[in-house]
Amino acid sequence: MSEPRPRLRRNDLPFERIAVVLSGGGALGAYEVGVLRALETAGLRPSILAGVSVGAVNAVLWLANGFRTSPLEQVWATLRPSSVGLRWASLVVRALGVFIMAFAALQIVLMIAGSPELSPRILFPGSAESRSEFGTAVLDVLAWLLVLLVGVAVARGSRGAEDSLARFSPPRDPHRLHRWAGWGLLIAAALHLTAWVSGIPWPQRFSALLLLVGVALWLANRPGQTSDRLRQLFLRLLPDTGGRGLWSSAARRRIIQRVVEAGDPGALVGGETHLIISALAIESGQMGYFVNWPDPSDAFRARITQAVGQVTPLSTPEDVIEAAVASSAIPAVFEPVRIGDGEFLDGGVFTNQPLHAVLADGADAILIVIVAPSGGPPKNEREPNLFQMGARLLEIANWRDLQTELRALPEAWAAGDAAGPGAPPARVCVIEPASVLPGGLYGFSPANAAELRRRGEWDAWEALARAGWLDEAEMGPVEPLPPAPSGARHS
């Protein structure tokens, strides 16, 4: 497959404050990286950079690396669900802890209520045998009480285990721990079988239980159809744990920190490019707009207030990173992130394309990147599961938000399709896929990310040319998108 020929932006592009808006979309954020590659090649650096959810993460990483796309491509080439914190093993451990707690509590109740040795007759003189039986029953109760305490420890320690996995998982090979666990299971199975066949004293039932749980955890984290089917089954059986999110934000935070530190953290604050990150404030219900310059104008604050939002200036790279973590904390999937006195979550379901925010900051042209066709939300052909239903609602909300934002633009602004040969460049350039992108919100995989980046780059060249933002002499005709290489995933 041939690569798109490099093209340059027009030297006479009449815009002084171009804004790039990156929307949310989970694993589909790899599509935005392809778009950013085209912008880097064309020499188009925005004066305003706004991002929501994964768009906020891409925006922060792009800005910290001097608008170079290669560091983002390297990260996306290694991402899998476990890399961003979608660790099914921690959910299984948490559910196991709850099950142990409930089972042990039931056993204690049954031992007390159903054992004749613990009935009121023990208050009366009886035989020594009765007293012995009483002691045995008490020991049984104490043993199950110990199991109950173990269950409490497992349930409460699952979050700590998740954070440890995020800290020690190798970024280059996130499945190395999975392979080590597989070898450990094989050794444990060999020991169990040896003791079983030879008759050596061994806690056979306890050992078998541990092996079954270990194999279930290992299969749940193994890439492929087996783990997908186990996850589907687990979603049907998953109880309400009463938590504030299924997973923590440790893994995402470490990825952002690593890539920012490899670039220039200082570029995130006080630079020429204004950065706007959106997240939902849980307590107030307002949208939080985190900005990287110290003195937002009164007009900017007034416009944000009109949109039921609040403005928070950020002064350090660490603050910017935390804002990106909060913006990408999908409700119910990840726990809320505390910034200052408030807690924040992904606000993409309420405003996934904050065009009003960049307009308030003085943008005179906008490039919008969306990860779904703007003609309407894609339809599901099959009955969705829990995550797919949530993704469907997000797609509908994002589509509705985009239509609302586009219709609220000044009348003098025209969409990219309005620009023809010889016409002045359009003020709005919408970069979007022609069809539904493969993989979905949670389909993190190197192969899928490569296909999404490829599509994003080609769609960017086509949209930029249609909007009249490229040098026609250098550009030449825009080639159609080649077919996907064999082996690429499609929806």
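Predicted, not measured: the structure shown is a model, and the values here were computed from it. (Residues numbered from 1 in each chain as written. Predicted model: local features only at pLDDT ≥ 70, side-chain atom pairs only at ≥ 80, totals over all residues. Heavy atoms only, no water.)

**Q** Is there a simple way to think about the pattern of salt bridges in this case?
**A** Where side chains of opposite charge bring their charged atoms close, a pairing between them can arise. Applying the stated criterion across every chain yields a total of 8 salt bridges. Across the salt bridge formed by aspartate 361 and arginine 17, the nearest N and O atoms sit 3.1 Å from each other. Highlighted residues: aspartate 361 in the loop between α12 (355-360) and β8 (365-369) and arginine 17 in the segment before β1 (18-22), separated in sequence by 344 residues. On the basis of relative accessibility, which here comes to 25%, the residue arginine 17 falls in the partly exposed class. Close ionic contact of glutamate 40 with arginine 37 constitutes a salt bridge, the shortest N to O distance being 3.4 Å. Pair noted here: glutamate 40 and arginine 37 are both in helix α1 (residues 29-42), with a separation of 3 residues, about one helical turn. Relative accessible area serves as the criterion here: at 22%, arginine 37 is assigned to the partly exposed category. Bridged by salt links that share partners, the residues Arg37, Glu40 and Glu73 form one connected network. (Salt bridge = Lys/Arg side-chain N within 4 Å of Asp/Glu carboxyl O. Helix = DSSP H or I, 4+ residues; strand = E, 2+ residues; numbered from the N terminus. Buried < 20%, exposed > 50% of the residue type's maximum accessible area, 1.4 Å probe, protein only.)

**Q** I would appreciate a short explanation of the nonpolar core in the present structure.
**A** If you look at soluble globular proteins, the nonpolar side chains tend to sit buried side by side. Formed by 81 residues in total, the largest nonpolar core has its most connected members in Leu39, Val60, Ile256, Ile277, Leu367, Leu464 and Trp469. Ranked by residue count, the leading element in this core is helix α2 (residues 54-64), at 9 residues. If you look at the next biggest cluster of nonpolar residues, it comprises 25 residues, including Leu280, Val358, Ile366 and Trp413. (Core = buried A, V, L, I, M, F, W, Y, C linked by side-chain atoms within 4.5 Å.)

**Q** Would you mind going over the packing of aromatic side chains with me for this structure?
**A** Going through the model one piece at a time under the given rule, you end up with 5 aromatic pairs. Look at phenylalanine 15 and tryptophan 469: their rings are 5.7 Å apart centre to centre, the planes differ by 50°, and that puts the pair in the tilted class. You can see phenylalanine 15 sitting in the segment before β1 and its partner tryptophan 469 sitting in the loop between α14 (446-467) and α15 (472-475), a full 454 residues away along the chain. Tryptophan 469 carries the same exposure label as phenylalanine 15, and that label is buried. Residues phenylalanine 290 and phenylalanine 344 carry aromatic rings whose centres are separated by 5.1 Å and whose planes lie at 70° to one another, so their mutual orientation is edge-to-face. On the criterion of sequence distance, the pair formed by phenylalanine 290 in strand β4 (residues 287-291) and phenylalanine 344 in strand β7 (residues 342-345) is long-range, its members being 54 residues apart. (Phe/Tyr/Trp six-rings, centres within 6.5 Å; stacked < 30°, edge-to-face > 60°.)

**Q** Mind showing me how you'd approach unusual backbone geometry here?
**A** The bulk of non-glycine residues show a negative phi, and the bulk of peptide bonds are trans. Even without being a glycine, serine 53 presents a positive backbone phi close to 60°. With respect to the helices, strands and loops of the structure, serine 53 is situated in the loop between β2 (48-52) and α2. Phi at alanine 332 takes a positive value of approximately 75°, unusual for a residue other than glycine. On the secondary structure map, alanine 332 appears in the loop between α11 (317-327) and β6 (337-339). The exposure class of alanine 332 is exposed, given its relative accessible area of 56%.

**Q** Just to check I follow, could you spell out α1 for this structure?
**A** A turn of α-helix holds 3.6 residues, and therefore any two residues three or four places apart point the same way. Given a rise of 1.5 Å per residue, 14 residues ought to cover 20 Å, and the 20 Å separating the end C-alpha atoms of α1 matches this to within 8%. The buried fraction of α1 amounts to 11 of the 14 residues, a majority that puts the element mostly inside the structure. Residues Gly29, Ala30, Tyr31, Glu32, Val33, Gly34, Val35, Leu36, Ala38, Leu39 and Ala42 constitute the buried set of α1. (Expected span 1.5 Å × (residues − 1).)

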